[in-house]
Every structure is written in C-alpha cells, then in structure tokens.
Amino acid sequence: MNLTELGYVAGWRLARALPRPVVAAAFRAGADRAHRRSGRGTARLRANLRRVVGPEVPEAELDALVRAGLRSYARYWMEAFRLPALSRPEILAAFRLDGHEKLGADVAAGRGAVVALPHAGNWDAAGAWVAASGWPITTVAERLKPEGVYERFLAFRQGLGMEILPTNGGDRPAFDVLLDRLRAGAVVPLLADRDLSARGVEVDFFGGRTRMPPGPALLAIRSGAPLYVASMWYEPDLACGFLEGPLEAPDPDSGPLDVRVRVLTQRIADCLAAGIARHPEDWHMLQRMWLDQRTDGAGAPPQPPAASGTI
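Calculation rules
Residues numbered from 1 in each chain as written. Predicted model: local features only at pLDDT ≥ 70, side-chain atom pairs only at ≥ 80, totals over all residues. Heavy atoms only, no water. Axes fitted to C-alpha atoms, helices over the stretch in contact; angles between N-to-C directions. Helix = DSSP H or I, 4+ residues; strand = E, 2+ residues; numbered from the N terminus. Parallel < 35°, antiparallel > 145°, perpendicular 65-115°, else oblique. Left-handed = near helix turned anticlockwise from the far one by under 90°. Contact = heavy atoms within 4.5 Å. Nonpolar A, V, L, I, M, F, W, Y, C, P; charged D, E, K, R; others polar. Buried < 20%, exposed > 50% of the residue type's maximum accessible area, 1.4 Å probe, protein only. Pairing = 2+ DSSP bridges. Core = buried A, V, L, I, M, F, W, Y, C linked by side-chain atoms within 4.5 Å. Expected span 1.5 Å × (residues − 1). Phe/Tyr/Trp six-rings, centres within 6.5 Å; stacked < 30°, edge-to-face > 60°. Polar contact = N/O pair within 3.5 Å; in protein donor to acceptor, adjacent residues only side chain to side chain. Salt bridge = Lys/Arg side-chain N within 4 Å of Asp/Glu carboxyl O.

Novice: Can you help me understand the packing of helix H2 (residues 20-37) against helix H4 (residues 59-82) in this one?
Specialist: Packed helix pairs are specified by the crossing angle of their axes together with the interaxial distance, meaning the distance between the axes. Interhelical geometry of H2 versus H4 gives an angle of 140° and a closest axis separation of 8 Å. Relative to H4, H2 is oriented oblique. Viewed along their axes, H2 and H4 form a crossing whose handedness is right-handed. Of H4, the residues touching H2 (which contributes Arg20, Val23, Ala24, Phe27, Arg28, Ala31, Asp32, Ala34 and His35) are Asp63, Val66, Arg67, Leu70, Arg71, Ala74, Arg75, Trp77, Met78, Glu79, Phe81 and Arg82. Split by residue class, the contact of H2 with H4 holds 11 nonpolar, one polar and nine charged.

And the structure:
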C-alpha cells in the first residue's frame, strides 16, 4: 500500500469515526490552507473560474469564489468518505433531485435514461440517492493508478448500490453493457464535462474550445433512451441536483452518426455551462479544461476515479 492509498484509507476511517462538525471543520481548514498556498490546483481552479465568470469580475470577487470553490471541493471529499456509513433514510435525506419524477417514469416504463453530469456538487451522493430510491443504476469508472485506490473506490460505489463497469479490461465493452442496461430500464449517469483525449468531441464552452466525451450522446442516440443534463450544487445542509431535458436528439436524416453526436454533445455542453454558471463555486474543475490552456504538470491535484463519459 503506497502513501496515496494510505491517505485515502485514513480519510475514510477518520471521516466516519469523528463527529461530522469536527470533520467538516478540518476539511474546511484544509481548503483554506490550500487557498493561502495557491498551488497548482488552486491556480488551475482560478483560471477555470475566470473563464466562467468573465473578465469583468474584480480580482477580489474571483478570489472569494476560488476560496468557496476549494471549500466545496473539500466538502465533496468529506461527504464521500462518510457516505458508506449512512443508512438508506440518511442517504435519501442528504440529497434532493429536482425533476426526479421524470427519471422514475423512465425506469417504470423500462426505457432507462442517460444523465450527463458535471464534476460539481456531490455526484456520488446523487448515485447513492438513485440506488436508495430503488432504481437500477450503472455507470463506468476509469481504471486509474494506484490500483489499490481504484479498487477501494470501486468497492465504495458498489457498496452504495451502483453497478460499476471499467472503461477497459472488462469481459465485454462497457458501451455494449450500458446499452443492455438502458434497454432493461436502468439509469446511466456519466460525467460529461471533460475529455481532452483524441476521442473527445470538440465543443464551445464558456467562449473557448474544449473536448467532451461522446459517450452520453452516443448512448442516447443508439439506445433511444431519454438524455438529461444534471446541474449539481450544494446548499448549506444538502447536496442538490436539477434535471434538464430530455434533450432532443438530432433527426437521423440530419447527417451521419458522428455529426449527430457532435450536435448533441454541444447541446450537452450548453446545458452544463448554464448549470455551472448558476453555481460556479461548486464546479470542482482543478484540472486543465480548455484546449488553449497549458498542459498540467506534476503536482496537479488528484480526482477520484470518476464515472466517465469516455466509453
């Protein structure tokens, strides 16, 4: 077990063993320390939030937003570490999804639903809430290093009632399994706001060019399942989400599949941008986001092995 894995294990154990106010104060203090140090991750968050709020916002306001963003990111980790200790009623009480009746109707009708998510608020709490509501949920996770951390996050999410597929190395391609799950009526949430690999679809986002994963759009087009875009944010005592959609898929006669995927991915990007603009402090994007930004080097903060739209 290396130091990174030891850190995660310690976080899980301490966050569950201590009273929530004590843990929350410790994570908040850590966020404020990161803000004062202004390291690589903080600088990246500052640059990303500047794109969101625009050049007219004064530096003092941006600095306050960065501090709030780091506190929100710390809160995500604190709540993620504590999630496995919550009962089903506690999970249901800790998250609110506006528009959840649409998901319930999709599951009941057996058509399933694709939900495109941002790295915002608490997406693990959202997944746990769906599972606690009695709805089948399947997603994918990147197989990141160290392997021990990936395995612990895999067990963590499976323990919350989610089916987790590896993006590669599984018995069947993840995309094919997700199609089967959608046709059986499952909810398929996928993080959808960042994919700078060559497989990503280039989109306009807050006035710049970036790439986002094709998976949510491609799944919706291939399966015929409704596609929603979720906004995610925090309130003082609650993690929240709002479902936009279902988005209208391009007509099959409007062009070849790759063109329709690009059109629908841009629609996803527009909805994600609207939600992030409403709650910029809860967007946890401490990584390179736009194509014209310099590549991250050593020292960029880790993201948890996440439900990915790159499939």
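So, next bit.
Novice: I would appreciate a short explanation of the environment of Leu227 in the present structure.
Specialist: Here Leu227 shows up in strand S8 (residues 227-235). Taking the C-alpha atoms as reference points, Leu227 and Val115, separated by 112 residues in sequence, lie 5.9 Å from one another. Those residues in contact with Leu227 that lie beyond four places of it in its chain are Val114, Pro216, Ala220, Glu244, Gly245, Pro246, Leu247, Leu264 and Ile268.

Novice: Where do I start with the pairing of strand S1 (residues 95-98) in this structure?
Specialist: Note on strand geometry: in a regular strand, side chains alternate between the two faces of the sheet. Here S1 shows one buried face, formed by Phe95 and Leu97, and one open face, formed by Arg96 and Asp98. With four bridges joining them, S1 and strand S9 (residues 238-244) adopt parallel strand pairing. Paired with Arg96 across the strands is Cys240, a residue of S9.

Novice: Before we go on, may I ask you to explain the nonpolar core in this structure?
Specialist: Considering soluble globular proteins, one finds that nonpolar side chains tend to be buried as a cluster. Ranked by internal contacts, the top residues of the largest apolar core, which has 93 residues, are Phe95, Leu103, Phe205, Leu219, Met232, Ile268 and Trp283. Ranked by the residues each element gives to this core, the list is headed by H4, at 11 residues. The residues contacting Phe95, other than those within four sequence positions of it, are Asn122, Ala125, Ala126, Trp129, Met232, Leu238, Ala239, Cys240 and Gly241.

Novice: Can you walk me through the sheet that holds S1 in this structure?
Specialist: Backbone hydrogen bonds hold the strands of a sheet together, and the pairing may be parallel or antiparallel. Read across the open sheet, the five strands follow the order S1-S9-S8-S2-S5; overall the sheet is mixed. At either margin of the open sheet sits one strand with a lone partner, and together these are S1 and strand S5 (187-191). Averaged over all pairs of adjacent strands, the angle between strand axes in this sheet comes to 25°, irrespective of strand direction.

Novice: Would you mind going over helix H3 (residues 40-53) with me for this structure?
Specialist: Each turn of an α-helix holds 3.6 residues, which means side chains three or four residues apart point in the same direction. The end-to-end C-alpha separation of H3 is 20 Å, in line with the 20 Å expected for 14 residues at 1.5 Å each. For H3, the buried fraction is high: 10 of the 14 residues fall into the buried class. Turning to H3, its buried residues are Gly41, Thr42, Arg44, Leu45, Arg46, Asn48, Leu49, Arg50, Val52 and Val53. Just past H3, the residue Gly54 takes up positive phi, approximately 90°.

Novice: Explain the packing of aromatic side chains here, please?
Specialist: Each aromatic ring pair is characterised by the separation of its centres together with the angle its planes make. Scanning the entire structure with this criterion turns up 11 aromatic pairs. On the numbers, 4.5 Å between centres and 20° between planes, the contact of Tyr76 with Trp123 is stacked. Here Tyr76 is found in helix H4, whereas its partner Trp123 is found in helix H7 (residues 123-132), with 47 residues between them in sequence. The burial state of Tyr76 is the same as that of Trp123; both residues are buried. With 6.1 Å between their ring centres and 65° between their planes, Phe205 and Trp283 make a pair best called edge-to-face. One end of the pair, Phe205, is in strand S6 (residues 201-205); the other, Trp283, is in the segment after helix H11 (257-278), and 78 residues separate them in sequence. Residue classification places Trp283 among the buried residues on the basis of a relative accessible area of 0%.

Novice: How should I be thinking about H7 in this particular structure?
Specialist: Burial analysis of H7 places 10 of its 10 residues in the buried class, the great majority of the element. Residue Asn122 occupies the N-cap position of H7, its side-chain oxygen lying 3.2 Å from the main-chain nitrogen of Asp124.

Novice: Is there a simple way to explain the pattern of salt bridges in this structure?
Specialist: Should their charged atoms come close, side chains of opposite charge can pair. A full pass over the atoms with the stated rule returns 15 salt bridges. Among the ionic pairs, Glu235 bridges to Arg96, the shortest N-O distance being 3.1 Å. With a gap of 139 residues between them, Glu235 in strand S8 and Arg96 in strand S1 connect regions that are remote in the sequence. Take Glu235: its relative accessible area is 29%, and that puts it in the partly exposed class.

Novice: What's the story with the environment of Arg28 in this structure? I'm lost.
Specialist: Tracing the sequence through the fold places Arg28 in helix H2. By relative accessible area, which is 45% here, Arg28 ends up partly exposed. Along the chain, Arg28 and Leu70 lie 42 residues apart, while their C-alpha atoms are 8.4 Å from each other.

Novice: In this structure, what is going on with the packing of helix H9 (residues 174-183) against helix H10 (residues 215-223)? I would like to understand it.
Specialist: Across the interface, H9 lies against H10 with an axial gap of 10 Å and an inter-helix angle of 50°. Our classification of the angle between H9 and H10 gives oblique. The two elements H9 and H10 cross, and the hand of that crossing is right-handed. Each of Phe175, Leu178, Leu179, Leu182 and Arg183 in H9 lies in contact with H10, whose residues at this interface are Leu218, Leu219, Arg222 and Ser223. Residue composition of the contact of H9 with H10, by class: six nonpolar, one polar and two charged.

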